[in-house]
Amino acid sequence: GVFEGAQGGGEAGYGKYDDSLGTYVALLECLCKNLDRIMSISGHLMFWYSERNRAVTVETFARLAPSLVFSVFPLIWVKSDNSGIASDVRRQPRHVYETCLLAARGGRQIVRVVGDAYSGPTDKRWHVSAKPEPMLKHFLSMLVDDNTRLLDPSCGSGSAIRAAEELGASSALGMDVDETTVGNARQALRAARTLRAAHKTLA
């Protein structure tokens, strides 16, 4: 529902896509049914979701991907710039946080302990619903080491790819349905790699 209503109309310049519940459930079921093709028998899954879809999300994972063991508490990103949408400005507060389910497969352990909440501003330079790189780096530091192979099948701005590379992942692959978005992600990744290379040279 990111494009619905007057508050979502300002995002028109980013390109729109179908984010209906039916499409969401179809994509979630596709992920679960193909889990063995894209995920190791030992690994982690970070899955960003809307709280209004929590019940169908949890039910679908339980039914179609029982090998995933989810943490009791979600990861939470609080948007410190107060960015968000009020679905009813007369009756509801503005929604300013996003939630992520964290799951392990095959008894996979974390690399280090970090807090399950992070406060930081949004960054919409590359994508309407981009997850900022500093926030992803915070959470991914629990999971990523030099043995990590990361896949982001809806990479948007590519911030997860950049964060994983910064943390030393052995490989990181991103995909997205929109060609313009992929182009922007590639540009941002090239810039990040150039900056890292320059920093190593100076160090």
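Residues numbered from 1 in each chain as written. Predicted model: local features only at pLDDT ≥ 70, side-chain atom pairs only at ≥ 80, totals over all residues. Heavy atoms only, no water.

1. Considering the nonpolar core
At step 1: Grouped together as the largest cluster of nonpolar side chains are 20 residues, with contacts concentrated most on Met-46, Leu-75, Leu-102, Leu-136, Leu-140, Met-142 and Leu-143.
At step 2: Sorting the residues of this core by element identifies β3 (75–79), β4 (97–105), α5 (133–140) and α6 (159–166) as the ones contributing at least two each.
At step 3: Residues within four places of Leu-143 in sequence aside, it is in contact with His-44, Met-46, Leu-102, Ile-110, Val-111 and Thr-148.
At step 4: One finds Met-39, Ala-65, Leu-68 and Ala-103 within the second-largest nonpolar core, a separate group that totals 15 residues. (Core = buried A, V, L, I, M, F, W, Y, C linked by side-chain atoms within 4.5 Å. Buried < 20%, exposed > 50% of the residue type's maximum accessible area, 1.4 Å probe, protein only. Helix = DSSP H or I, 4+ residues; strand = E, 2+ residues; numbered from the N terminus. Contact = heavy atoms within 4.5 Å.)

2. Quick word on a nonpolar patch on the surface
At step 1: On the surface, a nonpolar cluster with roughly 340 Å² of combined accessible area is contributed by Ile-38, Leu-151, Leu-173 and Met-175.
At step 2: The topology assignment puts Ile-38 in helix α3 (residues 35–38).
At step 3: For Ile-38, a relative accessible area of 42% corresponds to the partly exposed category. (Patch = residues over 30% accessible without salt bridge, like charges linked within 9 Å, V, L, I, M, F, W, Y side chains within 5 Å. Areas by Shrake-Rupley, 256 points an atom, 1.4 Å probe, with all protein chains shown as cover. Salt bridge = Lys/Arg side-chain N within 4 Å of Asp/Glu carboxyl O.)

3. Topic: the pattern of salt bridges
At step 1: For the structure on display, the rule yields twelve salt bridges.
At step 2: For the salt bridge of Lys-131 with Glu-98, the shortest nitrogen-to-oxygen distance reads 3.1 Å. Of the two residues, Lys-131 is situated in the loop between β5 (117–120) and α5 and Glu-98 in strand β4; the sequence distance between them amounts to 33 residues. For the pair shown, Lys-131 and Glu-98 are each scored as buried.

4. Observations regarding unusual backbone geometry
At step 1: Even without being a glycine, Asn-82 presents a positive backbone phi close to 65°.
At step 2: In this structure, Asn-82 sits in the loop between β3 and β4.

5. Thoughts on the environment of Asp-36
At step 1: Note that Asp-36 resides in helix α3.
At step 2: A polar contact of 2.3 Å, which involves the side chain of Asp-36, links it to the side chain of Arg-105. (Polar contact = N/O pair within 3.5 Å; in protein donor to acceptor, adjacent residues only side chain to side chain.)

6. A short note on the packing of α5 against α6
At step 1: At a minimum axis distance of 9 Å, the contact between α5 and α6 shows a crossing angle of 50°. When the interaxial angle is binned, α5 and α6 end up oblique. In the crossing of α5 with α6, the sense of the turn from one axis to the other is right-handed. Along the contact surface, α5 presents Glu-133, Leu-136, Lys-137 and Leu-140, while α6 presents Ser-159, Ala-160, Arg-162, Ala-163, Ala-164 and Glu-166.
At step 2: Along the lines of polarity and charge, the residues of the contact of α5 with α6 split into five nonpolar, one polar and four charged. (Axes fitted to C-alpha atoms, helices over the stretch in contact; angles between N-to-C directions. Parallel < 35°, antiparallel > 145°, perpendicular 65-115°, else oblique. Left-handed = near helix turned anticlockwise from the far one by under 90°. Nonpolar A, V, L, I, M, F, W, Y, C, P; charged D, E, K, R; others polar.)

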